[in-house]
Amino acid sequence: MMKITINGKTCQVEKGRTILEAAGENGFHIPTLCYLKGINGIGSCRMCVVEVEGYERLLAACNTRVRDGMVITTESPKLTDYRKRMLKLLLSNHNLDCMSCASNGKCELQKLCNEYGVERADQEGSRVNIEKKLPYLDANPYISYDPSKCIHCQRCISICHRIACNGTIRSGRLGNYHIVEAPFGEDYKSTSCESCGNCASVCPTGALILKREKEYREWEVKKVLTTCPHCATGCQFYLVVKDNKIVNVESADGLANHKRLCVKGRNASFDFVQAEDRLKKPLIKDRSTGEFREVSWDEAISYTAKRFMEIKEKYGSDSLAGFACSRSSNEDVYMVQKMVRCCFGTNTTDNCARVCHSASVTGLAKTLGSGAMTNPIHDITHDVDVIMLVGSNPEEAHPVVGMQIRQAVKRGTKLIVVDPREIGLSKQADIHIKLRPGTNVAFANGMMNVMINEDLIDHDYIDKNVEGFEELKKLVMDYTPEKVAEICHIDEDMLIEAARMYATAKKAPIIYCLGVTEHSTGTEGVMSMSNMAVLCGKIGREGCGVNPLRGQNNVQGACDMGAMSTDYPGYQKVDNEQVRQKFEKAWGVSLNPNPGLRATEVFPAAIGGKIKGLYICGEDPMVSDPDTTHIIKALESMEFIVVQDLFMTKTARYADVILPAKSFAEKEGTFTNTERRIQRIRKAITLDGEMRSDTDIIIDLMNAMGYKQPYLTPKQIMDEIAELTPSYHGVSYECLDAGESLQWPCPEKDHHGTPIMHVGHPARGKALLYPAEFKEAKELPDEEYPFILTTGRILYHYNAFSMTSRSKGLMDIEGEGYIELNYKDADRLGVKSGDMVAVSSRRGTIEAKARVGRKVSQGETWMPFHFPDSPVNMITNAALDEYARIPEYKVCAVKLEKR
Ligand SMILES: Nc1nc2c(c(=O)[nH]1)N[C@H]1C(S)=C(S)[C@@H](COP(=O)(O)OP(=O)(O)OC[C@H]3O[C@@H](n4cnc5c(=O)[nH]c(N)nc54)[C@H](O)[C@@H]3O)O[C@H]1N2
Ligand SMILES: Nc1nc2c(c(=O)[nH]1)N[C@H]1C(S)=C(S)[C@@H](COP(=O)(O)OP(=O)(O)OC[C@H]3O[C@@H](n4cnc5c(=O)[nH]c(N)nc54)[C@H](O)[C@@H]3O)O[C@H]1N2
Ligand code: SF4
Ligand code: SF4
Ligand code: SF4
Ligand SMILES: [Mo]
């Protein structure tokens, strides 16, 4: 601690503090303009100058550190005069069309000028002519840059380089002048800019803005704190609302995002909410004509209830099924599974995790005793030595996690990327293992072979906390680096180096995603990730663990809430007698003791005549499930289908009843993000139309089906969830609204959550090392279908396209499907970038535009699954994993022909 004097007051401050920080901590305000805490401290605006005894010149408070005994003055006539002169200098170069400026009312320059009584500059500045030469850049659909309002504070540059870690917007020169080179001109698509808008969010003036800021003034809006509806990173933001219309998104300081947002969170979180073509009224189809007619809610509810109950009567409870929506809230999902269990009388309920991370839920429960991400995002991306990223493309799929990984790499963390494609992060990786799709298990066994043979494992941890070591050792001894290199098409030495790098690192998380799970050996792939971490004792510790990045905003919650055919809320097993009795008592009905079918089993069962009625809340299997032809057949086989969604999806066209639901912005609730963090969503607007929240619709349906379900608010539903779910026991709206950010397990009231799991010992008691033999994917290339097709996602679109396709800006940036091929294959086929290619598998043929390059290896291709013009699930393989019944989206065999 040091003793200093500020404005005559003696203050104790910690060594290393800047004058600005020391003053702030002691209640003294110093004006700033270019300064951004922890991000920008270049001291160029000179607003934060202070007088320090013994110094002739004025010192910038933001980048001068305190010294013991310093005597500082933050306000004086001299300082006021100086600050006024600085403001005048800025104004002398500034385009003062404040009345029409989007930043009017929130401009920091305007605020300071008001504060210091500066109205205009004394003369025109020297930059004015420079600015006339610089173009106003506004080709990017979301962001524009007006050089005539730029004060060269560099905040935008610092945030892009140090926080978004993209390094796209740069500082340049024109003659003697510094300029900002912003990537928002006509060539914006060819820059590395991700349109995340983090730069615009920190611009103090109207120079760099989100274009939609022009539509409102700061004093006209209210801001509603909520959670992003796209990926499971769980970024926090405010919906900015003017006259009951959402006009913007502003980032908030959530524990997963720390004010960052990605392009979808910032720019595409409300267009779909306010889209013209939202479903607004309940619809019933006349099967004889195929036409839908608008009906009242009363009719829709009573008709739906009657039809489901007739089917139950005729074919039994297990002829019904109900899927919950991982986009909707915990409370909504809880009610769906409660309806399925209490009214349908079956456990055949599921959610999109089945096609996504069900292998993680099953695999990690088997090996560690809990199927969730073990460590928080911040913990595994800050201050770790090595990150091993397997089958995960976070720069596109979890961009705010991707930004934090880029930041870690920048700070010196080593990165191992295991992915068959070149992804953005593989360029920054120390090691990129570009393995053949479908060979993760062999890869992991090879890694463990090296770890054991070179004795890099944690004997102490294994002795205390592990079972199955000998069996695993026996199995992996077969997987020599030579053999694995041959199976995976990789370099043997690289494998050895990766094993050493991971095993010897002190802090090294494994982060993985669908490249591991979406295989017919997905569960074994997941258990192999767990095996590697367990063998090295990297479980239950800071900066380590096994970390599946979950997909949808609330898919973690949907699993937690019991939208699973085997589990009640909180992973309590349906075939456990005691558990069942507990739920029978709470819900007042007798419950079906048999596990139900998994979602991917429901469709074949429908074709086989076993499933007759299906309720689908917010899923679009016509687009998102593999082998669309079998989905069509299944949908056509059933007697009654209900779809509850925001839009007329491809699946909804097959429904008998369509129920219009409210989106995340129109209701209260909670989402649980990938880190098990339970966060609030809040109602921001009320739209015209008869849409209702999922929960309200379900409560009506339950009553109409004869179950007395009292009407409950989301808050009351959470109380019921907490009562019945040990891991959510301490969760309540009271504590969430008081600012708590809880990560389950939260086993007691007043518990503050559990950031890191398996501390002390694995939840299972002992971790299981599961010996997984490598098995080939179900469909391999052959003479007729010589290429492997892998599928996945891109930054600008989201899953089945229903939400992001309604954002014009995203469609401008990336609007059609494509297929990536290796340039050597393309040469052989005579295909160039931009040519149309027919892509055929044993299940069908689609067309896509070729993108030729080096991203995929020879013999391999890749397609995004979002786009309706190349509906890739027409041709993917519905082969399922043995344990989790997850489909093999990541490998099928195709042939390519130039069109
Ligand atoms: N922009 C955007 N973000 C999203 C989504 C979206 O649609 N768009 N969807 C959300 C959802 S639901 C999910 S589940 C997540 C998914 O997020 P990710 O799993 O990260 O996304 P994918 O692109 O499906 O696949 C990830 C990587 O797996 C690699 N891969 C393919 N086969 C193999 C293999 O055999 N082994 C290995 N090691 N890697 C392989 C692919 O090359 C790809 O780079 O994203 C979420 N976030
Ligand atoms: N080829 C291939 N196919 C894949 C994948 C792949 O990697 N490759 N990935 C798979 C994965 S991981 C996933 S998660 C699935 C995703 O597949 P889906 O779950 O089918 O797709 P989504 O687009 O996420 O959205 C589902 C629907 O929810 C609706 N919705 C949004 N909010 C709400 C709400 O609050 N209430 C209600 N009732 N509805 C709402 C949307 O309008 C949308 O129609 O796709 C899978 N399909
Ligand atoms: S939008 Fe994002 S990536 Fe583009 S310049 Fe701004 S901060 Fe950088
Ligand atoms: S564009 Fe804005 S943030 Fe960037 S240097 Fe100019 S004034 Fe500062
Ligand atoms: S990273 Fe995910 S949660 Fe965060 S803003 Fe982007 S889409 Fe939303
Ligand atoms: Mo997913």
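Residue positions are given per chain, counted from 1 along the sequence in the order it is written. Both sets of labels track the order of writing: A upward for chains, 1 upward for ligands. A pLDDT threshold of at least 70 governs which residues receive local features in this predicted model, and a stricter bar of 80 or more applies before side-chain atom pairs are shown or counted, although totals over entire chains, interfaces and linings include all residues. Side-chain measures here rest on the full set of heavy atoms in the structure, leaving out hydrogens and waters.

Engineer: Please give an account of the overall build of the chain that cites residues and values.
Structural biologist: Numbering goes from the N terminus for both helices and strands, where a helix is a DSSP run of H or I of at least four residues and a strand is a run of E of at least two. Looking only at helices and strands, the chain features 30 helices and 37 strands. Taking 29 Å as the expected radius of gyration for a compact globule of 899 residues, we find that the chain reaches 29 Å, a close match to that expectation. Along the first, second and third principal axes, the C-alpha atoms of the chain reach 90 × 70 × 60 Å. Relative accessibility thresholds used throughout: buried, under 20% of the residue-type maximum; exposed, over 50%; partly exposed, between the two (1.4 Å probe, protein chains only). Sorting the 899 residues of the chain into buried and exposed places 64% on the buried side. Residue pairs at least 24 apart in sequence account for 72% of intrachain contacts in the chain once pairs closer than 6 positions are excluded. The accessible surface values rely on the Shrake-Rupley method and a 1.4 Å probe; as for residues, cover is taken only from the protein chains in view. Summed over its atoms, the accessible surface of the chain is roughly 32900 Å², and 48% of this surface lies on carbon and sulfur atoms. In the chain, the 113 positive side-chain charges and the 119 negative ones have mean positions that sit 3 Å from each other. As a reference, a globule follows 2.2 Å times the number of residues to the power 0.38, and the radius of gyration itself is taken over C-alpha atoms. Pairs of residues are marked as contacts when any of their non-hydrogen atoms sit within 4.5 Å. Charge assignment in this entry is limited to Lys and Arg as positive and Asp and Glu as negative, and neither His nor the chain termini are counted. Charge positions are represented by NZ for Lys, CZ for Arg, CG for Asp and CD for Glu.

Engineer: Could you give me a rundown of the packing of helix α2 (residues 77-92) against helix α3 (residues 108-116), with the residues and numbers involved?
Structural biologist: To define axes, lines are fitted to C-alpha atoms, for helices over the stretch in contact only, and angles between the resulting N-to-C directions are given on a 0 to 180 degree scale. It is the contact of α2 with α3, at a shortest axis distance of 10 Å, that shows an interaxial angle of 135°. Taken together, α2 and α3 sit at an angle that is classed as oblique. Considering only the axes of α2 and α3, their crossing is left-handed. Contacts between α2 and α3 involve Thr80, Arg83, Lys84, Leu87, Leu90 and Leu91 from the former and Leu109, Leu112, Cys113 and Tyr116 from the latter. As a working rule, the residues Ala, Val, Leu, Ile, Met, Phe, Trp, Tyr, Cys and Pro are called nonpolar, Asp, Glu, Lys and Arg charged, and the rest polar, with Gly in that last group. Partitioning the contact of α2 with α3 into residue classes produces seven nonpolar, one polar and two charged. Angles below 35 degrees are treated as roughly parallel, those above 145 as roughly antiparallel, those between 65 and 115 as roughly perpendicular, and all remaining angles as oblique. Here a crossing is taken to be left-handed if its near helix is turned anticlockwise relative to the far helix by less than a right angle, and right-handed if that turn runs clockwise.

Engineer: Describe the state of the cysteines, with residues and values.
Structural biologist: Two cysteine sulfurs form a disulfide in these notes if their separation is within 2.5 Å. Summed over all chains, the structure comprises zero disulfides. The structure places no disulfide on Cys101, whose sulfur is separated from the nearest cysteine sulfur, that of Cys107, by 6.4 Å. Residue Cys101 is classed as buried on the basis of its relative accessible area of 9%.

Engineer: Describe the sheet that holds strand β1 (residues 2-6), with residues and values.
Structural biologist: Whether two strands pair depends on DSSP finding at least two bridges between them. Spatial strand order, β2-β1-β5-β3-β4: five strands in an open sheet with mixed pairing. The outermost strands of the open sheet, each flanked by one partner alone, are β2 (9-13) and β4 (59-60). Here two bridges tie β1 to strand β5 (residues 71-73), and the two strands are oriented parallel to one another. Note that in β5 the partner of Ile6 across the bridge is Ile72. Sitting on the sheet, α2 touches β3 (49-52) and β5, and the angle it makes with β3 is about 150°.

Engineer: Let's hear about the domain arrangement of the chain: which residues, and what values?
Structural biologist: What counts as a domain boundary in this text is fixed by an automatic or database domain assignment. Here the chain is partitioned into domain 1 (2-75), domain 2 (133-267), domain 3 (283-356 + 554-668 + 685-727), domain 4 (365-548) and domain 5 (787-898). Distance between the C-alpha centres of domain 1 and domain 3: 59 Å.

Engineer: Can you tell me about the site of ligand 5, naming the residues and giving the values?
Structural biologist: A molecule or strand has a residue near it when one of that residue's heavy atoms lies within 4 Å. Contacts to ligand 5 come from Cys228, His230, Cys231, Thr233, Gly234, Cys235, Leu261, Cys262, Gly265, Pro399 and Val400. Across the shell around ligand 5, the residue classes tally to seven nonpolar, four polar and no charged.

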